[in-house]
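# What the coordinates show
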Amino acid sequence: MATWSTACWLGPPGIAEQVRTLLPDLAETWQVVADPVLLPERVVDGSVELLVDAAMLDHRAPLEATVAAVDRIVATGGALRRVVSVVTTAWLGVDGDEREAMRCAAVVGHSRAQALRRAASGVTVNTIALATAFRTAEIPAGAPLARAVGIADLANALEFFADPESHYVTGQTLNICAGTTVLSSMSV
Amino acid sequence: MTPVQPLQGQVAVVTGAGRGIGAAIATLLAQVGAALVVDDLQHEPAAQTAAQITAEGGRAVAVAADVAADAGVEALMHAARDAFGDPTVLVNNAGVGRMDTPVAEIDGKEFRRILDINLTSQFLCARAVLPAMVAAGYGRIINIGSRAWLGFPGESDYGAAKGGTVSLTRALALEVGRYGVTVNAVAPSAIITPAMENLPAATRERLRTGHPGSRFGEPLDVARAVRFLALPASGAITGQLLYACGGRSLRGSSRAATQ
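Residues numbered from 1 in each chain as written. Chains lettered and ligands numbered in written order. Predicted model: local features only at pLDDT ≥ 70, side-chain atom pairs only at ≥ 80, totals over all residues.

## Some thoughts on the overall build of chain A
Assigned secondary structure in chain A consists of 4 helices and 6 strands. Seen in sequence order, chain A has helices and strands lined up from the N terminus as β-α-β-β-α-β-α-β-α-β. Relative to the compact-globule value of 16 Å for 188 residues, chain A shows a C-alpha radius of gyration of 15 Å, a close match. Projected onto the principal axes, the alpha-carbon positions of chain A cover approximately 45 × 35 × 30 Å. (Helix = DSSP H or I, 4+ residues; strand = E, 2+ residues; numbered from the N terminus. Rg over C-alpha atoms; globule rule 2.2 N^0.38 Å.)

What follows is the structure, encoded as structure tokens:
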């Protein structure tokens, strides 16, 4: 018995497939939308219970269109209960990639505002921030924990935030970074 | 066949676990396979939590120890090792809350007492379990903080102690990460506990409506966040503060903060 009937994944289909394999009981059916600009009508029919916005993991994804797609699903989602966005720890600031920092920080701010707006209706909105090195499966530079951050770590946190029992956790940004964000003044 | 539980074979120490949030944490960790060392200042509440765990088929031992004192921590860890072996999970939950106490009404002795119970206890217990965790190359330490660390009128002592919890968590995370030990904190807001029930009705109502969803959390809401961070699968998360606050910590205006 799956936790949710219908989930929607915005973002890279390859990562979606890995997450679905790791969490086979999270949702019965997944609607995977690689390009948020091309949001199909079936995604905004109000049936989505779990929305995972991982579009920012694709460098090419347009920020404005992604946020608009999330807003549209949230606004029309009568069944919606959990929203989990996935970004990278670039949201805290990253040398040499202002654009990535801006895109990820924008999603964090948007999630917190959505969490406040939706709190009374029981919809939780949280963000997972993966170490930027997750793309290469390398140990993040200077990581206190000498280990890489991977898709299994994403799946583990997604399972927690998506759990119906996690109803009192909302608006949070969880850095999964092997400890690399601890020296950032914005990481608490 | 019963599936292997994620904390099977592990030993968890939960301080202040006789009631409220600590009891919920101990119960949930036992449900995922850990053998529980249930600490409380008094024996009777600790024994009740331990009895509930064993009644559900888990393993638990009750220990009455004052974790704000060196001798109490020593006694607790000695009892833990005697019962089950070296702890692999430590949840520093013991604490005492304070509200609505203007700074002029807090004397130095009382301030130090609040720091001892809420913060020094966390340091002492972490220091006691770390050698074995470091030697084993594995460990999970979860400190219970509070959104009060952000600052709140009438909570200068309690807020300072919980701010110390955040700093302690981050420093330890950096210090022991290389040994496979993660150190994180969970920050609840107003949670319905026996202590909460003693508050004046007006204070309770102010607290409740200060939450975006206008509802209190329950001890299990905090316990679930602790269970998540205690999992072997959460090994890439360290030095983090996870709020279980119903969105109470999100607003960015002082008007909302002091309501």
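Having seen the model, we can carry on.
## Things to note about the sheet that holds strand 5 (residues 124-130) of chain A
All names here are of chain A. The sheet built from 6 strands is open, its strands ordered 2-1-3-4-5-6 with parallel pairing. In the strand order of this sheet, the two ends are held by strand 2 (27-33) and strand 6 (173-176), each with one partner. With direction set aside, neighbouring strand axes in the sheet form an average angle of 20°. Bridge analysis of strand 1 (residues 4-10) against strand 3 (residues 50-53) gives 4 bridges, and the strand direction is parallel. Following the sheet pairing, Ala-7 is matched in strand 3 by Leu-50. The strands touched by helix 2 (residues 63-76) within the sheet are strand 1, strand 3 and strand 4 (82-88), with strand 3 carrying the most contacts at an inclination of about 175°. Relative to strand 5, helix 3 (residues 98-118) is tilted by about 160°, and along the sheet it contacts strand 4, strand 5 and strand 6. (Pairing = 2+ DSSP bridges. Axes fitted to C-alpha atoms, helices over the stretch in contact; angles between N-to-C directions. Contact = placed C-beta atoms within 7 Å.)

## Re the interface of chain B and chain A
In this assembly, 31 residues from chain B lie in contact with 27 residues from chain A. When contributions to the side of chain B that touches chain A are tallied by element, the ones reaching two or more residues are helix 5 (156-176), helix 8 (219-230) and strand 7 (241-244) of chain B. Per-class residue counts for the side of chain B that touches chain A are 14 nonpolar, 12 polar and 5 charged. (Nonpolar A, V, L, I, M, F, W, Y, C, P; charged D, E, K, R; others polar.)

## Concerning the pairing of strand 7 of chain B
Residue and element names in this part refer to chain B. Burial along strand 7 is two-sided: the face carrying Leu-241 and Tyr-243 and the face carrying Leu-242 and Ala-244 are both buried. In the sheet, strand 6 (residues 181-188) pairs with strand 7 via 4 bridges, with the strands oriented parallel. Within strand 7, the position partnered with Ala-187 by the bridge is Tyr-243. (Buried ≥ 20, exposed ≤ 12 C-beta atoms within 10 Å, placed from the backbone.)

## Description of the packing of helix 3 (residues 70-83) of chain B against helix 4 (residues 108-136) of chain B
Residue and element names in this part refer to chain B. Close contact between helix 3 and helix 4 brings their axes to 10 Å; oriented N to C, the two are set at 40°. One element, helix 3, and the other, helix 4, form an angle in the oblique class. Relative to helix 4, the crossing made by helix 3 is right-handed. Facing helix 3, whose interface residues are Asp-70, Val-73 and Met-77, helix 4 presents Leu-124, Cys-125, Ala-128 and Val-129. Partitioned by chemical class, the residues of the contact of helix 3 with helix 4 number 6 nonpolar, no polar and 1 charged. (Parallel < 35°, antiparallel > 145°, perpendicular 65-115°, else oblique. Left-handed = near helix turned anticlockwise from the far one by under 90°.)

## What about the sheet that holds strand 6 of chain B?
All names here are of chain B. In space, the 7 strands of this open sheet follow the order 3-2-1-4-5-6-7, with parallel pairing throughout. Each having just a single partner strand, strand 3 (60-64) and strand 7 make up the two edges of the open sheet. Averaged over neighbouring strand pairs, the angle between their axes works out to 15° when direction is ignored. Pairing geometry for strand 5 (residues 139-144) and strand 6, over 6 bridges, is parallel. In the strand pairing of strand 6, Ile-144 is matched with Val-186. The strands that helix 1 (residues 20-31) touches are strand 1 (11-14), strand 2 (35-40), strand 3, strand 4 (89-92), strand 5 and strand 6; relative to strand 1, the one it contacts most, it runs at about 175°.

## Brief notes about the packing of helix 1 of chain B against helix 8 of chain B
Residue and element names in this part refer to chain B. Relative to each other, helix 1 and helix 8 sit at 45°, their axes nearing to 8 Å. With respect to their mutual orientation, helix 1 and helix 8 come out oblique. Between helix 1 and helix 8 the crossing geometry is right-handed. Packed against helix 1, whose contacting residues are Gly-20, Ile-21, Ala-23, Ala-24, Ile-25, Leu-28 and Leu-29, the element helix 8 presents Pro-219, Leu-220, Val-222, Ala-223, Arg-224, Val-226, Arg-227 and Ala-230 at the interface. Here the residues of the contact of helix 1 with helix 8 sort into 12 nonpolar, 1 polar and 2 charged.

## Structural notes on the pairing of strand 6 of chain B
Residues and elements named next belong to chain B. For strand 6, the buried fraction is high: 8 of the 8 residues fall into the buried class. Burial along strand 6 is two-sided: the face carrying Val-181, Val-183, Ala-185 and Ala-187 and the face carrying Thr-182, Asn-184, Val-186 and Pro-188 are both buried. This β-α-β element, strand 5 to helix 5 to strand 6, shows right-handed connectivity. (Right-handed = clockwise from strand over helix to strand, strands pointing away.)

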